[in-house]
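Notes for the structure review
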Amino acid sequence: MFELALEKDEDKLSSQISVAGEIDLFAAPDFKKRLYEAIGEGDSDVVLNCTDLTYIDSTGLGILLGALKRVRQNNHNVYIKNLKDSIRKLFRITGLDKAFILEEAQ
Amino acid sequence: MFELALEKDEDKLSSQISVAGEIDLFAAPDFKKRLYEAIGEGDSDVVLNCTDLTYIDSTGLGILLGALKRVRQNNHNVYIKNLKDSIRKLFRITGLDKAFILEEAQ
Amino acid sequence: MSTNSRIVLSIPPKAEYVSLVRLTASGVANQCGFDLDCIEDLKVCVSEVLNKAIAAFSEEETAALSITFEPAVDSLAVLIGGNGLNGETLFASETDAFALAILDTLMDEVVLSGDETAAVRLVKTTGKTGTDD
Amino acid sequence: MSTNSRIVLSIPPKAEYVSLVRLTASGVANQCGFDLDCIEDLKVCVSEVLNKAIAAFSEEETAALSITFEPAVDSLAVLIGGNGLNGETLFASETDAFALAILDTLMDEVVLSGDETAAVRLVKTTGKTGTDD
Ligand SMILES: Nc1ncnc2c1ncn2[C@@H]1O[C@H](COP(=O)(O)OP(=O)(O)O)[C@@H](O)[C@H]1O
Ligand SMILES: Nc1ncnc2c1ncn2[C@@H]1O[C@H](COP(=O)(O)OP(=O)(O)O)[C@@H](O)[C@H]1O
């Protein structure tokens, strides 16, 4: 199971979203719904904090890509922070490390 | 898998043995060998520290009982410390809480 | 977890696989909504049955042991079976006293049967921790 | 873990069971002596295959999916099968690109077959982490 929390920045310049837990086929419908609610119209940058994200499959990656498209349509971006190595690897394999703006590995 | 460590008291009045991990059917032969080596002739009290013992089955409990018998033959005792609730329950169910000297639950 | 959905795990009858069954059993029990104490009770009891079932097979045997999980609305049944396994004679030795006491105390139902596909049937009800008090 | 010892897990073809398979897969891989990275690679890939296999069944279906683990000296093979499952057509959609890239990169062998008992065969070699570099 996963958790998702939204903290809109005071200045509304970006949506700070943190995701935690496991995002797999079972969690996917709920994750998509919650994520899309969190980004709303996509009219600000999105910063996704993945410190406690332990697992994501291709279904979850596809949902992230869908969210990116929506944000991009408004000329905004999705920044991804604190990816675990095992998940960063999946972003590289799928080429998504080029689509999102990934914070450098520490 | 389990771990077993022996610290003989300076005064040799008791054998301090700590057991950690899981003691099940697979671990049993090795556990019996290591425990019997640790208590030796059974000519001192034995204090078993179970802080990190997460699992023990009836095979393991039987081995502890065998060790107790050996120690008792020399008029010594086996004291058991820091049992987790789930394992303390097994000692009560099998009546072994009356055979060993169990430290009170905290 | 939906009802009437059986999960089956099949292993070689060897001591090295008992911890794997415990892991899978805790996963199933967790998904059934069991609390930590109930999950632990189930792990302990499934292990005790497997210990005896494994002892019933000789070393060279190629047979398999099957562990079937049957989740229901408010309980989980676990059936342990295998070729030629007989639940009625499984706990016959003097040193089975501990295992039997554990099963009887921690499970809501223990059925030992001559049916080799379900030689032992354990049932644990959700939210009822086995107590010894 | 001894060689030639197969472990089989059978589940209903539903998304809620994929996490259970991941748990069991990590237990088997751990017993095979895989390091944490290799265990993670295997979990990821088994999940990807199950996602597609589950999608191949309709909601009402009573069929079962079987996941067979075959440990060998320095590798672990995982076979995913089920009634009517066809590996050759499993990853045919455009949105399977991610899953296929993950399988090809992280596994040492991926065989998609028309044989329903082993529609997908994954092989992971001990000590070889899938890298993308
Ligand atoms: N698992 C996947 N693998 C590869 N590409 C995917 C995957 N899931 C989604 N995509 C792609 O991501 C994009 C965004 O998808 P999304 O916006 O959610 O769907 P849609 O285009 O139906 O609204 C689409 O171009 C889709 O092809
Ligand atoms: N699993 C068990 N359940 C009940 N009693 C047991 C169990 N295992 C061992 N015992 C009892 O513990 C005692 C000590 O066993 P031990 O000294 O190891 O064996 P032995 O008597 O063959 O040397 C014996 O009386 C035995 O009956």
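Described in the following lines is the structure provided in the data block. (Residues numbered from 1 in each chain as written. Chains lettered and ligands numbered in written order. Predicted model: local features only at pLDDT ≥ 70, side-chain atom pairs only at ≥ 80, totals over all residues. Heavy atoms only, no water.)

Moving on, we get to the relation of the copies chain D and chain C. Of the two same-sequence chains, chain D is brought onto chain C (RMSD 0.0 Å, axial shift 0.0 Å) by a rotation of 180°. Both copies are brought into coincidence by an operation consistent with a two-fold rotation axis. When C-alpha positions in chain D are compared against the rotation axis, the closest is assigned to Leu9 of chain D, at 2.2 Å. Residue by residue, 100% of the interface of chain D is reproduced at the interface of chain C, so both copies engage with the same surface. (Least-squares fit on C-alpha atoms with pLDDT ≥ 70 in both. Contact = heavy atoms within 4.5 Å.)

Glancing now at the site of ligand 2. Near ligand 2 the following residues occur: Lys32, Tyr36, Ser58, Gly62, Leu65, Gly66 and Lys69 of chain B together with Glu94, Thr95 and Phe98 of chain C. Of the chains in the model, those with residues near ligand 2 are chains B and C. One of the side-chain nitrogen or oxygen atoms of Lys69 of chain B is found 2.9 Å away from an oxygen atom of ligand 2. Between ligand 2 and Glu94 of chain C there is a distance of 3.2 Å, counted from an oxygen atom to a side-chain nitrogen or oxygen. (Near = heavy atom within 4 Å. Polar contact = N/O pair within 3.5 Å; in protein donor to acceptor, adjacent residues only side chain to side chain.)

Now for the pattern of salt bridges. All told, the structure shown has 20 salt bridges over all chains when counted by the stated rule. Residue Lys89 of chain A pairs with Asp41 of chain D through a salt bridge whose shortest N-O separation is 2.8 Å. Placement of the pair is Lys89 of chain A in helix α3 (residues 85-93) and Asp41 of chain D in helix α2 (residues 36-55), with the two residues belonging to separate chains. For the pair Lys89 of chain A and Asp41 of chain D, one class covers both residues: buried. Ionic pairing is found between Glu70 of chain C and Arg6 of chain C, a salt bridge with its closest N-O pair at 2.3 Å. In this pair, Glu70 of chain C is assigned in strand β2 (residues 65-71) and Arg6 of chain C in the segment before β1 (7-11), connecting sequence segments 64 residues apart. In this structure Glu70 of chain C comes out as partly exposed when scored by relative accessible area, which is 23%. (Salt bridge = Lys/Arg side-chain N within 4 Å of Asp/Glu carboxyl O. Helix = DSSP H or I, 4+ residues; strand = E, 2+ residues; numbered from the N terminus. Buried < 20%, exposed > 50% of the residue type's maximum accessible area, 1.4 Å probe, protein only.)

Counting from both sides, the interface comprises 20 residues of chain D and, opposite them, 20 residues of chain C. In this assembly, chain D packs against chain C so that about 1600 Å² is buried in total across both faces, 56% of it on carbon and sulfur atoms. Of all residues in chain D, Tyr17, Leu20 and Gln31 of chain D bury the most surface against chain C, accounting for 27% of the area lost on that side. The interface formed by chain D and chain C holds zero salt bridges in total. Seen at the junction of chain D and chain C, the total is seven residue pairs in polar contact (both at pLDDT 80 or more). For the side of chain D that touches chain C, the elements supplying multiple residues, two or more each, are β1 (7-11) and α1 (18-31) of chain D. For the side of chain D that touches chain C, the element with the highest residue contribution is α1 of chain D, accounting for seven residues. (Buried area = accessible area lost by both parts, 1.4 Å probe.)

Now for unusual backbone geometry. Residues and elements named next belong to chain B. Even without being glycine, Asn75 reaches a positive phi, approximately 60°. Within the chain, Asn82 stands out as a residue other than glycine whose phi angle is a positive 60°. Looking at where Asn82 falls in the secondary structure, it is placed in the loop between β5 (78-81) and α3 (85-93). Given the relative accessible area of 23%, Asn82 is considered partly exposed.

As a further point, take the site of ligand 1. Every residue lining ligand 1 is accounted for by Lys32, Tyr36, Ser58, Gly62, Leu65, Gly66 and Lys69 of chain A together with Glu94, Thr95 and Phe98 of chain D. The environment around ligand 1 is built from residues contributed by chains A and D. Between an oxygen atom of ligand 1 and a side-chain N or O atom of Glu94 of chain D, the distance comes to 3.3 Å. Compared with its free state, where it exposes 550 Å², ligand 1 has 61% of that area covered by protein. The set of elements that each furnish at least two residues to the shell around ligand 1 consists of α1 (28-39) and α2 (58-72) of chain A. A total of five residues in the shell around ligand 1 trace back to one element, the largest contributor, which is α2 of chain A. Classifying every residue of the shell around ligand 1 gives three nonpolar, four polar and three charged. (Areas by Shrake-Rupley, 256 points an atom, 1.4 Å probe, with all protein chains shown as cover. Nonpolar A, V, L, I, M, F, W, Y, C, P; charged D, E, K, R; others polar.)

On the chain B side, the residues contacting the 23 residues of chain C number 19 residues. Buried surface at the junction of chain C and chain B, both sides included, amounts to about 1700 Å², of which 63% is carbon and sulfur. Where chain C packs against chain B, one counts three salt bridges. The salt bridge partner of Asp24 of chain B is Arg22 of chain C, with a shortest N-O separation of 2.9 Å. The tally of links from chain C across to chain B stands at seven residue pairs in polar contact (both at pLDDT 80 or more). Secondary-structure elements contributing two or more residues to the side of chain C that touches chain B are α1 (18-31), α2 (36-55) and α3 (97-106) of chain C. Counting residues per element, the side of chain C that touches chain B draws most heavily on α2 of chain C, which supplies eight residues. Taken together, the residues of the side of chain C that touches chain B sort by class into nine nonpolar, six polar and eight charged.

On to the sheet that holds β1 of chain D. Within the open sheet, the ten strands sit side by side as β4(C)-β5(C)-β3(C)-β2(C)-β1(C)-β1(D)-β2(D)-β3(D)-β5(D)-β4(D). Their pairing is antiparallel. Of all strands in the sheet, those bounded by a partner on one side alone are β4 (109-112) of chain C together with β4 (109-112) of chain D. Neighbour-to-neighbour, the strand axes of this sheet turn through a mean angle of 10°, independent of strand direction. Sheet topology note: the strand β3 (residues 75-82) of chain D/strand β5 (residues 120-125) of chain D ladder contains six bridges and is antiparallel. If you follow Ala77 of chain D over to β5 of chain D, its bridge partner there is Val123 of chain D. (Pairing = 2+ DSSP bridges. Axes fitted to C-alpha atoms, helices over the stretch in contact; angles between N-to-C directions.)

This brings us to the packing of aromatic side chains. Applying the stated criterion across every chain yields a total of four aromatic pairs over all chains. Aromatic side chains Phe91 of chain A and Phe100 of chain A sit 5.8 Å apart centroid to centroid with 75° between the ring planes, which places their arrangement in the edge-to-face category. The exposure class assigned to Phe91 of chain A is buried, which follows from its relative accessible area of 1%. Taking NZ or CZ as reference, Arg22 of chain D lies 4.1 Å from the ring centre of Tyr55 of chain A, over its face. (Phe/Tyr/Trp six-rings, centres within 6.5 Å; stacked < 30°, edge-to-face > 60°. Lys NZ or Arg CZ within 6 Å of the ring centre and 35° of its normal.)

Just geometry here; none of it tells us what the structure is for.
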